[in-house]
Amino acid sequence: MKSGFITAADVAREAGVSRSAVSRTFTPGASVSRDVRERILRAAEKLGYRVNRLAQGLQMAQSNLVGVVAANLNSPFNTALLDRISAALFKRDLQCMLLNAEAARDDIGTLVNQVLEYRVRAVIILSGAPPEEIIEACLRNDVRLILINRGTLPGNADKIDTDDLTGGRLAAERMLQDSRRHVVAVRSGNGSMSQKRRTESFVACMHQAGAKVTSWMDGPNSFETGCEAARKLLADASIDGAFCATDLIALGFLDTARFELAKEVPRRFSIIGFDNIPETAWPSYGLTTVSHPVEAFTEAILKCLDDERQLSEGALNFTIPVELIERATTGLPTP
């Protein structure tokens with residue numbers, strides 16, 4: 001038994017054909033006679049041969065790899081989105097190449113090289129990652145870019161953005177229905193464009209209605225950030241509501257408000273998150289939140305990948321709709 005991978009040369013010897021005939025047989029659209037193809041396929045099956053798609057992609061100047069650049073992989077929303085993206089790519093015979101921007105933050109050059117050296121078909125950049133060097137390098141090298149919640153950037157990159165302005169407005173309207181007059185708007189300190197848009201929209205709507213808003217921006221996008229924000233902000237007893245830019249922050253805020261600070265939610269205090277991650281529907285949380293479905297993001301990504309226009313011909317833009325999912329952390333008690 002031969003150790004290691006079976007090669008195309010092994011198949012060629014078994015079938016009594018040239019190495020190039022084997023290559024043509026496993027290259028879509030390439031010309032090879034029916035008899036030769038059948039001999040090669042029989043030999044390949046006998047030997048257990050599998051095509052080296054990575055090497056094939058490098059030879060053709062484009063692989064079946066789609067790069068996904070992400071940070072904050074502990075975020076349940078990013079995890080759910082990555083799960084959907086990788087499953088959808090697999091169904092199309094494409095492979096997901098995950099690149100952790102957070103781990104490479106101190107060596108961004110290596111991350112740039114990995115993106116370009118593997119001749120990826122496209123690069124999907126999730127919200128909050130990575131530094132602009134990746135985007136600039138891809139644009140310079142004519143790599144198709146799909147940007148998720150990155151805001152307006154120069155260059156012909158496809159853009160998929162949550163309707164954050166509507167989301168912030170819906171959260172504000174619900175707070176006002178609960179007669180909340182002094183609320184907090186909490187987001188992480190990582191500079192996420194999407195978090196910035198939704199909180200600014202929320203704050204503007206609350207101010208327009210004459211409500212007071214205290215803003216908080218600090219820490220990573222994490223449960224612990226929500227806990228810390230609640231401990232510091234809720235020292236002010238006049239605060240009667242909180243809008244958190246992500247559910248992960250909101251869940252930490254909610255637990256601390258309820259169990260450490262004895263806030264009566266929703267009787268005297270309302271909390272709204274954003275993302276609609278699965279945990280928000282757990283009975284122990286029942287968090288009211290703004291939903292932007294991962295399915296809608298996945299569908300938009302596939303439309304970008306299916307589009308055959310040249311990069312110089314412009315970019316696609318999609319806006320993901322949102323809706324308020326009402327649960328147990330908003331709503332005044334019935335008289």
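Residues numbered from 1 in each chain as written. Predicted model: local features only at pLDDT ≥ 70, side-chain atom pairs only at ≥ 80, totals over all residues. Heavy atoms only, no water.

### A closer look at the overall build of the chain
Let me state the cut-off plainly: By definition, any uninterrupted DSSP run of H or I lasting at least four residues is a helix, any uninterrupted run of E lasting at least two residues is a strand, and each is numbered from the N terminus. Note on classification: 1.4 Å probe, protein chains only; a residue is buried when its accessible area is under 20% of the maximum for its type, exposed when over 50%, partly exposed between these limits. Residue contacts follow a heavy-atom distance rule, with two residues in contact if any of their heavy atoms lie within 4.5 Å. Working definition of accessibility: Shrake-Rupley area with a 1.4 Å probe, residue cover restricted to the visible protein chains.
When you go through the chain residue by residue, the secondary structure sums to 12 helices and 12 strands. In the chain, buried positions account for 51% of the 335 residues. When contacts within the chain are restricted to residue pairs at least 6 apart in sequence, those whose partners lie at least 24 apart make up 70%. Of the roughly 16,300 Å² of accessible surface on the chain, a fraction of 51% belongs to carbon and sulfur atoms.

### As for the packing of aromatic side chains
Definition in use: Planes of paired rings set the category: under 30 degrees apart is stacked, over 60 is edge-to-face and the rest tilted, where pairs are Phe, Tyr or Trp rings (Trp by its six-membered ring) whose centres lie within 6.5 Å. Any Lys NZ or Arg CZ found within 6 Å of a ring centre and within 35 degrees of that ring's normal is scored as a charge over the ring.
Tallying each qualifying case throughout the model produces 4 aromatic pairs. Sitting above the plane of the Phe-274 ring, Arg-198 keeps its charged end 3.7 Å from the centroid.

### Side note on the pattern of salt bridges
Spelled out, the test is: What counts as a salt bridge is simple: a side-chain nitrogen of Lys or Arg found within 4 Å of a carboxyl oxygen of Asp or Glu.
As enumerated under the stated definition, the model contains 19 salt bridges in all. Linking Arg-84 and Glu-295 is a salt bridge whose minimum nitrogen-to-oxygen distance equals 2.9 Å. Of this pair, Arg-84 sits in helix 5 (residues 76-91) while Glu-295 is found in helix 12 (residues 294-306), placing the two residues 211 residues apart along the sequence. Since its relative accessible area comes to 39%, Arg-84 is described here as partly exposed. Residue classification places Glu-295 among the partly exposed positions, given a relative accessible area of 38%. Arg-197 is paired through a salt bridge with Asp-164; the nearest N and O atoms lie 2.6 Å apart. Highlighted residues: Arg-197 in helix 9 (residues 193-208) and Asp-164 in helix 8 (residues 164-177), separated in sequence by 33 residues. Asp-164 matches Arg-197 in its accessibility class, with the two residues each being buried. Members of the salt-bridge network, linked through shared partners, are Asp-161, Asp-164, Arg-197, Arg-198 and Asp-275.

### Some thoughts on helix 1 (residues 8-15)
By the burial criterion, the buried members of helix 1 are Ala-8, Asp-10, Val-11, Ala-12 and Ala-15. Along its buried surface, helix 1 packs onto helix 2 (19-25) and helix 3 (34-47). Phi turns positive, to about 70°, at Gly-16, one or two residues after helix 1.

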